Amino acid sequence: MTPLVGEMSPAAAESVYFNEYPPPKALPKHEALARAFIELHVEANRRVVLVTSGGTTVPLEAQTVRFIDNFSAGTRGATSAEYFLEQGYAVIFLHRQYSLLPYSRHYSHSTNCFLDFMDEAPPSADSSNPGDGPIMVRDEYQDQMRSVLRKYRYAKQNNRLLLLPFTTVSEYMFELRSLAKLMRPLNENALFYLAAAVSDFFIPRSRMAEHKIQSSELPPHMQGSAVDPDEIYTGENEEQPSNRKKLVVNLDPVPKFLHQLVDGWAPEGSMVVSFKLETDPSLLVYKARTALQRYSHHLVIGNLLSTRKWEVVFITPDEPHERWIRVPKSRRSKSISGVEDQVGLAEAMKGKSPSVEQLE
Ligand code: PMT
């Protein structure tokens with residue numbers, strides 16, 4: 001029996017996985033942009049961080065109508081990218097398409113809709129069109145928006161931020177591999193900060209339906225043909241579902257490419273930070289420690305879904321091995337968007353805030 005890609009050696013799994021899918025169409029363009037960006041910062045001897053952000057999808061059909069998604073709005077990645085930029089890093093921001101982006105995250109989505117920050121100024125007397133005054137930022141938001149705008153402009157004008165989108169888990173994997181290899185000339189000036197929520201299961205291309213999976217009876221001329229969803233989804237040697245309305249999805253494990261990143265793709269001397277998301281508090285530290293031991297990288301930042309905006313745990317190979325960083329209750333924001341909480345946590349992670357509780 002052929003082993004699953006998740007059960008092979010890392011090198012064999014890499015070869016099987018990457019042969020399974022065609023590279024994303026945007027890859028050559030992204031590689032050209034990244035190459036130029038990296039060359040610029042190698043010349044300037046500047047540190048470059050690859051921040052991954054947002055969730056990957058697993059398509060159920062090749063011509064995708066339905067997909068399985070991974071939780072992540074992109075808040076952690078986008079907020080962290082701003083802090084890296086402030087610290088002088090150039091940032092490659094590999095993100096899920098339409099997830100939150102550095103700087104614009106302050107004014108996006110329904111809880112921070114940019115329109116709520118705007119007002120119409122009264123028309124001036126000498127205006128050629130007295131009925132239409134200019135659109136302005138409301139007085140109470142002027143300072144905050146000026147500060148965000150200046151940082152955003154600085155990053156853009158000085159070529160400090162490269163935005164590269166992905167959607168599916170295979171696109172993410174192709175992009176990650178290429179970017180890591182392109183970053184080799186940076187040596188110890190390279191940092192990997194893997195905050196994206198990456199799918200653990202996928203449907204191999206060979207078992208994927210080409211067209212939209214049908215939930216109702218097919219017309220007579222298509223019944224029993226290769227597009228029958230039962231045949232496509234149950235796989236070899238498995239029983240047909242008795243109820244034709246049931247969709248049985250059979251997923252293979254995605255190989256853990258962190259191993260390949262640390263031991264092969266990434267430059268010598270670079271630093272690799274990964275995140276671990278759990279929902280069960282009793283598992284978090286164990287899983288984060290296991291990841292650090294398994295991949296021998298530098299830092300695992302653990303977080304729980306329910307408390308991720310105000311507490312994280314740093315798991316390191318050296319003392320103190322486990323360090324909790326928390327935003328104190330008094331500084332936790334009530335905002336639905338949680339932007340302020342993320343800022344509080346980012347400040348805490350920098351060790352800047354005197355009011356952070358550090359539990360060791
Ligand atoms: O964006 P927000 O809403 O702010 O949420 C942020 C977050 C909770 C998503 C973020 O803080 C976080 O925890 N991200 C990582 C979640 C995750 O995917 O964990 P994981 O157990 O699937 O992966 C752990 C590590 O293994 C990751 O670094 C990943 O890059 C790596 N991995 C995962 C799957 C895979 N097939 N290969 C991998 O190498």
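As the structure is a computational prediction, the values presented were derived from the model and not from experiment.

## With respect to the UniProt feature "domain: DNA/pantothenate metabolism flavoprotein C-terminal" (unreviewed entry) in the protein
Part 1 of the argument: Per the UniProt record, "domain: DNA/pantothenate metabolism flavoprotein C-terminal" (unreviewed entry) is annotated on residues 47–98.
Part 2 of the argument: The span residues 47–98 is 23% helical and 37% strand by assignment, and the distance between its end C-alpha atoms comes to 27 Å.

## A closer look at the packing of helix α2 (residues 27–43) against helix α5 (residues 169–182)
Part 1 of the argument: Where α2 contacts α5, the two axes come as close as 10 Å, and the packing angle between them is 30°. Classed by the angle they form, the pair α2 and α5 counts as roughly parallel. Between α2 and α5 lies a crossing whose hand is right-handed. Contacts between α2 and α5 involve Leu27, His30, Glu31, Ala34, Arg35 and Ile38 from the former and Phe174, Glu175, Ser178, Leu179 and Leu182 from the latter.
Part 2 of the argument: Residue composition of the contact of α2 with α5, by class: 6 nonpolar, 2 polar and 3 charged.

## A closer look at the site of the ligand
Part 1 of the argument: Every one of the 21 residues lining the ligand counts as a neighbour, but Thr75, Arg76, Ser274, Phe275 and Leu277 are closest to it.
Part 2 of the argument: Counting residues per element, the ones that place at least two in the shell around the ligand are α3 (75–86) and β11 (271–278).
Part 3 of the argument: Ranked by residues supplied to the shell around the ligand, first place goes to β11 with 4 residues.
Part 4 of the argument: A breakdown of the residues in the shell around the ligand according to their chemical character gives 10 nonpolar, 6 polar and 5 charged.

## What about α3?
Part 1 of the argument: A rise of 1.5 Å per residue sets the reference length of α3, with its 12 residues, at 16 Å; its end C-alpha atoms lie 17 Å apart and thus fit the reference within 8%.
Part 2 of the argument: For α3, the tally of buried residues reaches 10 of 12 residues, placing the bulk of the element in the interior.
Part 3 of the argument: Within the sequence span of α3, burial applies to Thr75, Arg76, Gly77, Ala78, Thr79, Ser80, Ala81, Glu82, Phe84 and Leu85.
Part 4 of the argument: With its phi angle positive at about 95°, Gly88 sits one or two positions after the end of α3.

## Focus: the nonpolar core
What tends to happen in soluble globular proteins is that the nonpolar side chains get buried as a cluster.
Part 1 of the argument: Core analysis: the largest hydrophobic core is formed by 71 residues, its most contacted members being Val91, Ile92 and Leu261.
Part 2 of the argument: Broken down by element, the residue count for this core peaks at 8 residues, all from α5.
Part 3 of the argument: Those residues in contact with Val91, other than ones at most four positions away along the chain, are Val49, Val51, Ala81, Phe84, Leu85, Arg160 and Leu161.

## Structural notes on the pairing of strand β4 (residues 90–96)
Part 1 of the argument: For β4, the buried fraction is high: 7 of the 7 residues fall into the buried class.
Part 2 of the argument: Sheet topology note: the strand β1 (residues 48–53)/β4 ladder contains 6 bridges and is parallel. Bridged to Val51 within β4 is Phe93.
Part 3 of the argument: Pairing of β4 with strand β7 (residues 161–166), which is carried by 6 bridges, proceeds in the parallel orientation. Paired with Phe93 across the strands is Leu163, a residue of β7.

## What to know about helix α8 (residues 281–295)
Part 1 of the argument: Taking 1.5 Å as the rise per residue, α8 with 15 residues should run 21 Å; its terminal C-alpha atoms sit 22 Å apart, in good agreement.
Part 2 of the argument: Taken as a whole, α8 has its buried residues at Leu284, Ala288 and Leu292. Projected down its long axis, α8 carries its buried residues within an arc of 50°, all on one side. Opposite the buried face of α8, at more than 90 degrees from it, the exposed residues are Ser282, Gln293 and Arg294.
Part 3 of the argument: On the buried face of α8, the contacting elements are β11, β12 (299–304) and β13 (311–315).
Part 4 of the argument: Looking one or two places after α8, you find Ser296, whose phi comes out positive at around 50°.

Each value, and the rule that gives it
- Residues numbered from 1 in each chain as written.
- Predicted model: local features only at pLDDT ≥ 70, side-chain atom pairs only at ≥ 80, totals over all residues.
- UniProt positions renumbered as here; feature names shortened; annotations may be inferred.
- Helix = DSSP H or I, 4+ residues; strand = E, 2+ residues; numbered from the N terminus.
- Axes fitted to C-alpha atoms, helices over the stretch in contact; angles between N-to-C directions.
- Parallel < 35°, antiparallel > 145°, perpendicular 65-115°, else oblique.
- Left-handed = near helix turned anticlockwise from the far one by under 90°.
- Contact = placed C-beta atoms within 7 Å.
- Nonpolar A, V, L, I, M, F, W, Y, C, P; charged D, E, K, R; others polar.
- Near = placed C-beta within 6 Å.
- Expected span 1.5 Å × (residues − 1).
- Buried ≥ 20, exposed ≤ 12 C-beta atoms within 10 Å, placed from the backbone.
- Core = buried A, V, L, I, M, F, W, Y, C linked by C-beta atoms within 7 Å.
- Pairing = 2+ DSSP bridges.
- Arc of directions from axis to C-beta.

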